[in-house]
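Architecture at a glance
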Amino acid sequence: MTEIGQSKVQHGNPQVAMVFDLNKCMGCQTCSIACKVLWTTEPGEEHQWWMTTNTQPGLGTPKGWEDMGGGYKNGEPAEGHQPTRAEFGGGWEFNYDEVFYGGKGRSVHLAPKDKGDDTTKWGMNWDEDQGSGEYPNSYYFYLPRLCNHCTKPVCVSACPSKAMYKRTEDGAVLRDEDICQGSRFCMEACPYKKIYFNYVRDIAQHCILCFPRLEENVAPACARQCPGRLVFVGMLDDENGPIHKLVNEWEIALPLHPEYGTEPNIFYIPPLSPYRLNEDMSIDEETPRIPPEYLESLFGPKVHGAMAKLKGELEKARNNETSEMLETLIVYNWLDLFGPFTTDPSKLDRTPDKVAVTIGATRNKQN
Amino acid sequence: MSIKIHEKNIDINDLASFGDIPAVNIELTKIPVDVQPNKYIKNAYANKEYGQIKSVDVKLASDKERLYVNLTFADSEIPNTEFQDSVGIFFCSQDGQSDSPVTIGSLERPTLLWQWKNRTELQKNLSQAKDLESFGPGVFIPNTNSGSVEVVANGEVVNGKWNVIISGDLLAVQKAKKIGIVAWDGSNNERAGIGSVTSSWIEVD
Amino acid sequence: MTTGELSKVNARLSENDYRSRFSWDKATWSSHCGNCLANCPYKLYSNSDGAVFEEVAGVIPGFEGIPDMNPLGCQKGAAWQKQLTSKDRITKPLKRVGERGSGNFEEIGYQQAYDLVADAIIDSIEKYGTDSILLESGAECGVLASVARNKLALSLGAIHIDPNSSVSDVHAGHWLTFGNLLGGSSADDTFRAETVIIWNGNPAFTRIPFFHYLTEARYRGANIITVAPDYSPSSMHSDLYVPIVPGTDAQFILGVCNYLIQNNLFDRNFVASQTDLTLLVDTRTKRFLRQSDMVQDGKEDRFYGITQDGVTLIDASKLDSPFEPSDFLLEAQSDVKLLDGTTVNVTTVFNLLKERLSLYTPESVYEICQISKDVLIRFANLVAGHKTKVSNGLGSCKHYHGDLMERSMDLLLALTGNWGKPGTGLDTYIIALLEGEVLSMFKTGEGVQAGEEAIEAVEALLQVLQDANEATSPGKAYVELMRMGASLTNVVPPALYFYHHGGFKEDWDKKAYGDSPKTLGEIINEAEANGWWEGLVRPANHGKTKVMLVAGTNILRRTRGGQRNLLESLYKDLDLAVTVDFRMNTTGMYSDIILPISCEGERIEMHAANSHSFERSFSDKAFDAPNGVPSEWEVFDSLAKAVARRAKERNLDSFTTTAGVIKPYADIQKALTSLEERSDEAALDEILRDSALTGNIESGTSLYDLRQKGFVKPVKLPDALEFIASNTLKPDEPFVAYENHLTKGVIFETLTGRAQFYIDHEWFIDSGENLPCYKPTPKMAGDYPFRVTGGHPRWSIHATNTTSEILLETTRGKPVAHLNPTDADELGILDGAKAVIFNDYGELQIEVKLSPSVRPKQVIVYASWEPQLFENWKDMTFVEPGPVKWLHFVTGYGHLVYTPMQWQPAQSDRVYEVGIKALN
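What this report covers is the structure whose coordinates are included nearby.

Rules behind the numbers
Residues numbered from 1 in each chain as written. Chains lettered and ligands numbered in written order. Predicted model: local features only at pLDDT ≥ 70, side-chain atom pairs only at ≥ 80, totals over all residues. Heavy atoms only, no water. Salt bridge = Lys/Arg side-chain N within 4 Å of Asp/Glu carboxyl O. Buried < 20%, exposed > 50% of the residue type's maximum accessible area, 1.4 Å probe, protein only. Helix = DSSP H or I, 4+ residues; strand = E, 2+ residues; numbered from the N terminus. Contact = heavy atoms within 4.5 Å. Polar contact = N/O pair within 3.5 Å; in protein donor to acceptor, adjacent residues only side chain to side chain. Nonpolar A, V, L, I, M, F, W, Y, C, P; charged D, E, K, R; others polar. Disulfide = S-S within 2.5 Å. Axes fitted to C-alpha atoms, helices over the stretch in contact; angles between N-to-C directions. Parallel < 35°, antiparallel > 145°, perpendicular 65-115°, else oblique. Left-handed = near helix turned anticlockwise from the far one by under 90°.

Enumeration over the complete set of coordinates arrives at 98 salt bridges over all chains. A salt bridge links Glu 568 of chain C to Lys 572 of chain C; the shortest N-O distance between them is 3.8 Å. The pair Glu 568 of chain C / Lys 572 of chain C is uniform in exposure class, with both members exposed. Between Glu 847 of chain C and Arg 812 of chain C there is a salt bridge, and its shortest N-O distance comes to 3.1 Å. Placement of Glu 847 of chain C in strand β30 (residues 843-850) and of Arg 812 of chain C in the loop between α32 (805-808) and β28 (816-819) is noted, with a sequence separation of 35 residues between them. The exposure class assigned to Glu 847 of chain C is buried, which follows from its relative accessible area of 6%. Residue classification places Arg 812 of chain C among the buried residues on the basis of a relative accessible area of 3%. The structure contains a network of salt bridges with shared partners spanning Arg 167, Glu 169, Asp 170 and Glu 215 of chain A together with Arg 12, Glu 15 and Arg 19 of chain C.

Pasting the structure below:
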């Protein structure tokens, strides 16, 4: 029997990457909603939030995902847990009719219907703003997450049907939904637990990196709709672009859980935090509010260098010196966030007829 | 082992329509870990118990056009959550006679697989029928060479036992002459190559 | 087959499904939620089935060297179209058939609905007079809806409750200091600050589109400070988090001010030129030394300071430059001989202040606020000598002593020279109406000529007001104009309305809050008896409200003590309750008739604007509303016509308004337009053309231009804003409020014409609030261990989005009370468990969510959850005491005169006390 092994690591192909600056994220979920309204409103997609922002530290979504395994250990794909529908929670149906028009008055109130499947006991943002630590030195920050469109996508290699692939055009990790048999090994293998199951269509689904937008040079919806202006999009190897500088040159943008071994293409600027306070409420200049070991558990050992660099540059800015790094992070012109993907979608002709023609062309090219 | 096709008109919606056709009890074994199609599954399932459905009672019937397969097997008492119970019949390829059926075909010699999946989590008594080509355990893709006879299926639990009918083109079995059975206990998260299968081909008379 | 061949089976054809999802027939302009005021420009992508998705437009041009404003948006905006297809949408007129609140409705036709409302209005006018009709117009509207409601109300002589003070958005403290509506700078000015203080607000929740200026300012080198009881979601983006005992902010700020003065870290020139700290006070009476004290026929509003030449009358018509030394001394005193021959000692306000502040030692700050001296000094040094902006939310004005917090905040800014310059001042908001909107209320007909006549009338009126007194600035004249408008528009201050009609009488007749010498009831009765509020007690002669129309608001949710009181008072008197809304809510549930309206994408509308951005965005019509639901303009026009028609059918010719004006019923027909038919399009076009006529927007601008560009940006601010924010809009840089006070010497709208920290009204002197001070929040609801805070949530604009399925998904799907885990431990309450919140007023059930970022003994329940989300619909209004502060009944003192939207008592809802227990 021929082994269908790991996917070939496709270094050298163009890779779209994103950098999320956590120092600008206010946890507003506009990214989540932007994604939701565009991509996951069909039956079976109610509970699917390909883009989510969670409070860290926290259990996030699906509940306790960081303890669910998957990814690579010692170069080998490691066992992972398939997150359950209850662990994702959400996808609620509310009892509007009963409350507003049922004639029952105050005896009923608006709430998610309990379907006996425990989905009302967790949701995509259940532990919002809870965090950790002790008052007044408690701490938390927001972490937006989507599929990492990894360079070594363990999900792709775990699929027995070979339904999954990494696009050569942009590095997006996708799934041929006509082939997918719903066996969900991708969900087990993905260490970020960012793959959802469509119980109606019996297929798995996840973030598509907004490839239909990328094909039109439009930035992904989460990035373009972000009011905090914190999402950089661009080609990872574009040496003139901010992403390359942030990731490779200044090394302040880091992948989440690099130890998972899948080589993510989504990067994060780690979070600063206000001074800690001593017991007598004086300022503690030495101890960071967010424990560095916690940040290391998320972003790996490189986080310490990144934090030092960030703090050093801030100090420069406060002394009225110019910091190229901070000037880059400020982003004076909104469109500068998006690399080559600056097209305004409203200027496109995407009438269904026109799109059908495009689809026809794609089909011909692929065949 | 062999099994006979009985001439009988079967109504896919009437799970009792096989009547008193004698059933053949087929034993199933766990699909081995070492034949699993990729490293992830091999690593993750090396130490897992699976292949919980140990045997299936099989009846075959046909009219002139269709083969009807009646499969009954015990339903686990553990409730299904993520995965649903499922069973399939697959057809030995012409040149695959020397292969073991435990792999459910191979890349070189795929087999045709008709699969029934219980979908009652969506709607009571909803069955899903899949017409697949299997290139190995779980290496299933939709059959791209389907003829005009659609694969259909139906099933329900009666007294703790699944009673399932799968039906498709009679030609499949006429060509193959040998079949295999594969089953998945959804309550044990079985699916794809994680299931139980016939360890030797079943001759069809 | 080989592995490679198997891979080829994967033809990637399902990619096409996603390409198809990213398709549409047209992209039209959109914006949402007048309630929000950010009015972010969006594009609505739609096809023949309706909306596909909505996305930020990102079209606002920026300035060189300042990050632009784009994209402007939030999750509520992105989800807006989903709310419109949600099951709480109303798409047919409804008539109540069961008990109010039962949810028993039947669908009726539009004409039947309009006639039922019209008949009730006519009955009410005939039986009880025009002020028995209450037309509550809330903030959920665009320009057309707002104009439509107001025009019908005006035409009928209906009353309305002051919309700003009824939601306690009155910055009483800033009013006391500046005497105006508070000119905020534009949001992009924050980028130029060196220190930003987030204070009584949580911009990460409430100013999502503009929050980036804080993070960008930080990268530019600014220090961000948050002062809050809880480690709020805004705190995480700060450099210094100052945890404070809830409600004690004034103590801390005054401690900082004391430190600044003691260490000579304050801007003497700024203080001397901009504020009243150089003014002289009679140490015996504690009143300002006035010209009337000194010379025959001297004026009451002319004041003195001390120069090298001794006691000198201060020029009331202008301010000195803050950039050079003032002739007037801060630390001076003198004996003066008064007109009556007595000699008295006078001293500067600065001297009095310094003496007062000396009590605010670091030790006392630590004791009261639990903030260390170390933090206080760090804070002081980050403000002194630094361009400092205070991001002041609408939280301070909801504290009982919020005025004292705000006056202290203003003092801090004054001492450090922090207004009128780039990167300084208060980052708050002011609604920037287009001139055309204002004119539409004055116009007697349609067209350019009517517009010009209206402009002339307003200008002439302003001139008259200004000519009356040399110490009246255009700003003062405009505030005066607003006061005149109050009587025209039949507005009633909520404190008076809720006392008489809203169920607060019994409580307020019993209680004297804090150091009030009398009960609130006694204060109100005295104020009314003295005629202080003459003409504002509506309905007149304590009549009843018989017909209530509620549009764009949710009175049962938003009123402090809402359901608890209103259902037992106001609602008992109502013959007919009508809701005009696009979605079902609590007020709708208690209505007799519900009139549905169309919303974004289904009709045209221009959106509200505030000083954060100034642009006015546009929503175009992309598709028909479900079941042909009409626009709000059409609903109110239909109601107007129904009143006229039903009156004619009932052989009624005319009616007399409560103000005594005799009006033909037939005139109501023309309430919205003098023309037979007038579309939304024509009405909006006229507002734009009138605005262009005044120079407010580019000459010749019409609806065509708005539709092309998607927004209209003023080239000149409306007069009101220009006067009050005291600056002009410049084409190439962010807007800075109060600049003219510095550069042109324009006076403030206060009694003294200066930023005024000394209030020499008798009540203020007696209560010790003649100068800023700290007072603890009085007990309002009994003796209970927890203090409630809250404020605007992240997930909704008021209640509008709280029943949106998609937005509820981003929460626990229910309201929660945030508690500190140590408190919860003591109470035996686990995360996710239900608790009972209770006090002297009542109780409610709510799920508890634990976070160590909540201060011990603090409980946070963010506001606005639709009551239907609570067990038994009992929300926080069941425990909200909602008292007003007695001092705010002062009137007839300089700028302390009732002013619509501004100076008046407003209910407080912060740091009241509750008990919490586990639900058994």
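Picking up where we left off.
Chain A puts 121 residues into the contact, and the matching count from chain C is 127 residues. In this assembly, chain A and chain C are joined by 12 salt bridges. Of the charged contacts, one joins Glu 15 of chain C and Arg 167 of chain A as a salt bridge, the two residues approaching to 3.0 Å between their closest N and O atoms. Linking chain A to chain C there are 72 residue pairs in polar contact (both at pLDDT 80 or more). With seven residues, helix α1 (residues 30-39) of chain A is the largest single contributor of residues to the side of chain A that touches chain C. Within the side of chain A that touches chain C, the residues separate by chemical class into 58 nonpolar, 29 polar and 34 charged.

As a further point, take the state of the cysteines. Any covalent bond linking the sulfur atoms of two cysteines counts as a disulfide. Counted according to the given criterion, the structure contains zero disulfides over all chains. Note on Cys 25 of chain A: no disulfide assigned, nearest cysteine sulfur contributed by Cys 31 of chain A at a separation of 6.5 Å. We note that Cys 369 of chain C lacks a disulfide partner, and the nearest cysteine sulfur, in Cys 257 of chain C, lies 12 Å from it. Under the relative-accessibility criterion, Cys 369 of chain C is labelled buried at 0%.

Residues and elements named next belong to chain C. It is at 8 Å that the axes of helix α9 (residues 249-262) and helix α15 (residues 402-415) come closest, and there the two elements cross at 25°. Relative to α15, the element α9 is oriented roughly parallel. In terms of crossing hand, the pair formed by α9 and α15 is left-handed. For the pair α9 and α15, contact is made by Asp 249, Ala 250, Ile 253, Leu 254, Val 256, Cys 257, Leu 260 and Ile 261 and by Leu 404, Met 405, Ser 408, Met 409, Leu 411, Leu 412 and Leu 415, respectively. Grouping the constituent residues of the contact of α9 with α15 by class yields 13 nonpolar, one polar and one charged.

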